[in-house]
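# Summary of structural features
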Amino acid sequence: WLFAMYLMATSRKGVSSLQLSKELGITQKSAWFLLQRLREALGKDDDDQGGGFLSGIIEADETYIGGKEANKHESKKLKAGRGAVGKMAVMGMRGRGGKVRAHALRNTTASAIQSAVKDAVAPGSVLCTDEHASYRGMAEYLHLSVNHSAKQFVDGMAHTNGIESVWAVLKRGFYGIYHSFSQKHLQRYINEFAYR
């Protein structure tokens, strides 16, 4: 399992269970099981590992994981709109020191997003976000935002470039190595990329 952990931690976009099975000389099914146990361990509560809350300057953002409706087979299409339809929401926070917390969300309503932020970020921190309205109204943080729709990506110390880089690597792993994440196992894959 140490070699499996080494491969998982050092491959930027992840390691497939098929590749790991070849490296370890075990079946693909056993390699998948081993990887899932490692992903689960990476997501253990940060309080157990001395982590606690993120503090200082924190970037927060959400993303959506899943394929495009246009690329799905006709019988699999939801026919319920465009954009995030049929995709799974992921909320992430990244301290400027590099520590990341990310969680799968059922939706991106203000209550869900604010609850995720309050569970991970210490009061008194500086919260840098995009213009999403769900981040407004949290008096315990100094809130700075950038307006991505107006092509504003940096405003002084306010930007979300760090957490968006985490999403870029997560999506490269999704498209290039894993090809799909089931809703059941999504949090485990998020744990792996947040750890890395």
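Preceding block: the structure.
A brief report on the enclosed structure follows. Each chain has its residues counted from 1, following the order in which its sequence is written. Totals for whole chains, interfaces and linings use every residue, but because this is a predicted model, local features are given only for residues with pLDDT of at least 70 and side-chain atom pairs only at 80 or more, for both listing and counting. As a rule here, side-chain values come from all non-hydrogen atoms in the structure, and water together with hydrogens is ignored.

### Description of the pairing of strand E1 (residues 57-65)
- Exposure classes here rest on a 1.4 Å probe applied to the protein chains alone. A residue is buried below 20% of its type maximum, exposed above 50%, and partly exposed in between. By the criteria applied, helices consist of DSSP H or I runs no shorter than four residues and strands consist of E runs no shorter than two, each listed in order from the N terminus. A large share of E1 lies buried, amounting to 7 of its 9 residues.
- For two strands to count as paired, DSSP must find a minimum of two bridges between them. Across 3 bridges, the pairing between E1 and strand E4 (residues 126-129) is parallel. Looking at the pairing, Ile58 lines up with Leu127 of E4.

### Examining the packing of helix H1 (residues 2-10) against helix H2 (residues 17-24)
- As a packed pair, H1 and H2 sit with axes 11 Å apart at the nearest point and diverge in direction by 140 degrees. Overall, the two elements H1 and H2 adopt an arrangement that is oblique. Crossing angle aside, the handedness with which H1 passes H2 is right-handed. Contacts between H1 and H2 involve Phe3, Ala4 and Leu7 from the first element and Leu20, Glu23 and Leu24 from the second.
- Three classes are used, and their members are as follows: Ala, Val, Leu, Ile, Met, Phe, Trp, Tyr, Cys and Pro are nonpolar, Asp, Glu, Lys and Arg are charged, and the others, Gly among them, are polar. Of the residues in the contact of H1 with H2, the class split is 5 nonpolar, no polar and 1 charged. Structural elements are reduced to axes, namely lines fitted to C-alpha atoms, with helices fitted over the stretch in contact, and the angle between N-to-C directions of any two is expressed from 0 to 180 degrees. Each angle receives one of four descriptions, namely roughly parallel if under 35 degrees, roughly antiparallel if over 145, roughly perpendicular if within 65 to 115, and oblique otherwise. Handedness of a crossing is defined here by the sense of rotation of the near helix relative to the far one, left-handed for an anticlockwise turn of less than a right angle and right-handed for a clockwise turn. Contacts: residue pairs with any heavy atoms within 4.5 Å of one another.

### Focus: the environment of Arg136
- Take Arg136: it is sitting in the loop between E4 and strand E5 (142-145).
- Identification of polar contacts relies on pairs of N or O atoms within 3.5 Å, with a donor-acceptor requirement for protein atoms, meaning one able to donate a hydrogen and the other able to accept it, and with residues adjacent in sequence counted only if both atoms are side-chain atoms. Polar contacts involving the side chain of Arg136 include one to the main-chain carbonyl oxygen of Glu131, which spans 3.4 Å.

### Details of the side chain of Asp130
- In this fold, Asp130 is placed in the loop between E4 and E5.
- In this charge count, Lys and Arg are treated as positive and Asp and Glu as negative; neither His nor the chain ends contribute. Salt bridges are defined as contacts in which a side-chain nitrogen from Lys or Arg sits within 4 Å of a carboxyl oxygen from Asp or Glu. Buried charge without a salt bridge: Asp130, with Arg136 as the nearest opposite-charge side chain at an N-O distance of 8.5 Å.
- Of the polar contacts made by the side chain of Asp130, one reaches the backbone nitrogen of His132; its length is 3.2 Å.
- Apart from the residues within four sequence positions on either side, Asp130 is in contact with Ala60, Asp61, Glu62, Tyr135, Ser145, Val146, His148 and Thr160.

### Looking at the nonpolar core
- The definition of a nonpolar core used throughout is a set of buried Ala, Val, Leu, Ile, Met, Phe, Trp, Tyr and Cys residues joined through side-chain atoms within 4.5 Å. Counting residues in hydrophobic clusters, the biggest one holds 18 residues, and the most contacted among them are Ile65, Val90, Trp167, Leu170, Phe181 and Leu186.
- Secondary structure elements with two or more residues in this core: strand E2 (88-95), strand E3 (100-105), helix H5 (161-178) and helix H6 (186-195).
- Among the elements that line this core, the one with the most residues is H5, at 7 residues.
- Apart from the residues within four sequence positions on either side, Phe181 is in contact with Ile65, Met88, Leu170, Phe174, Leu186 and Tyr189.
- Judged by nonpolar contacts, the second largest core, of 16 residues, contains Ala60, Ile113, Val121 and Leu127.

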